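Results of the structural survey
Listed below are the residues making up each chain.
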Amino acid sequence: MQHNRHGRGIRGPLAWPPVPAMRPRAALFDELVLDALERIEARLGKPLGLIELAVEDVPPSDPAPWETQIALARTFPAEHGNPARVVLYRRPIESRTVREEELADLIDEVVTEQVADLIGVPPEDLGRE
């Protein structure tokens, strides 16, 4: 081990071996979005192959005229050969929660509402069991 002029050795990583502290928040968010989609697909009994999910950090700076608050997500219907898309905005969703359990619940709620809107069913039909 090498020492610097103060007699201290080289320091290693702060959290090693890999622990949850090393997992980026964005990766956790993406996992929770996929979990929410899997729950919906399990409830429906079929995959939602015609709907794409995407995650962006923040919504675009030009909100729609009818939006009074920062959007948590937006849906884009299928058109011109492109599949329908649900875009979730990570930072606005994260800012409304404190714990990971709350984040999972809010993501599940947002994904459920957006997918229900796209497929034309009430959100309660896709809700948790």
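Everything that follows concerns the structure shown earlier in this document.
These numbers come from a predicted model, not from an experiment.

Rules and cut-offs
- Residues numbered from 1 in each chain as written.
- Predicted model: local features only at pLDDT ≥ 70, side-chain atom pairs only at ≥ 80, totals over all residues.
- Heavy atoms only, no water.
- Helix = DSSP H or I, 4+ residues; strand = E, 2+ residues; numbered from the N terminus.
- Buried < 20%, exposed > 50% of the residue type's maximum accessible area, 1.4 Å probe, protein only.
- Areas by Shrake-Rupley, 256 points an atom, 1.4 Å probe, with all protein chains shown as cover.
- Pairing = 2+ DSSP bridges.
- Axes fitted to C-alpha atoms, helices over the stretch in contact; angles between N-to-C directions.
- Contact = heavy atoms within 4.5 Å.
- Salt bridge = Lys/Arg side-chain N within 4 Å of Asp/Glu carboxyl O.

**A look at the overall build of the protein**
When you go through the protein residue by residue, the secondary structure sums to 3 helices and 3 strands. In the protein, the succession of helices and strands from N to C terminus is α-β-β-β-α-α. The proportion of buried residues among the 129 residues of the protein is 28%. Just so you have it, the protein exposes about 9,200 Å², and 53% of that area is on carbon and sulfur atoms.

**Describing the sheet that holds strand β3 (residues 84-89)**
Taken in spatial order, the 3 strands make up an open sheet running β1-β3-β2, and their pairing is mixed. In the strand order of this sheet, the two ends are held by β1 (51-56) and β2 (73-76), each with one partner. Sheet twist, expressed as the mean angle between neighbouring strand axes with direction ignored, is 15 degrees. Lying over the sheet, helix α1 (residues 25-44) contacts β1 and β3, oriented at roughly 155 degrees with respect to β1.

**Topic: the pattern of salt bridges**
Two side chains bearing opposite charge may form a pair once their charged atoms approach each other closely. Across all of its chains, the model carries 7 salt bridges by this definition. Between R39 and D108 there is a salt bridge, and its shortest N-O distance comes to 3.2 Å. One end of the pair, R39, is in helix α1; the other, D108, is in helix α3 (residues 100-119), with 69 residues separating them in the sequence. For R39, a relative accessible area of 34% corresponds to the partly exposed category. Here E52 ties to R85 by a salt bridge, and the two come within 2.7 Å at their closest N and O atoms. Here R85 lies in strand β3 and E52 lies in strand β1, a separation of 33 residues in the sequence. For E52, a relative accessible area of 34% translates into the label partly exposed.

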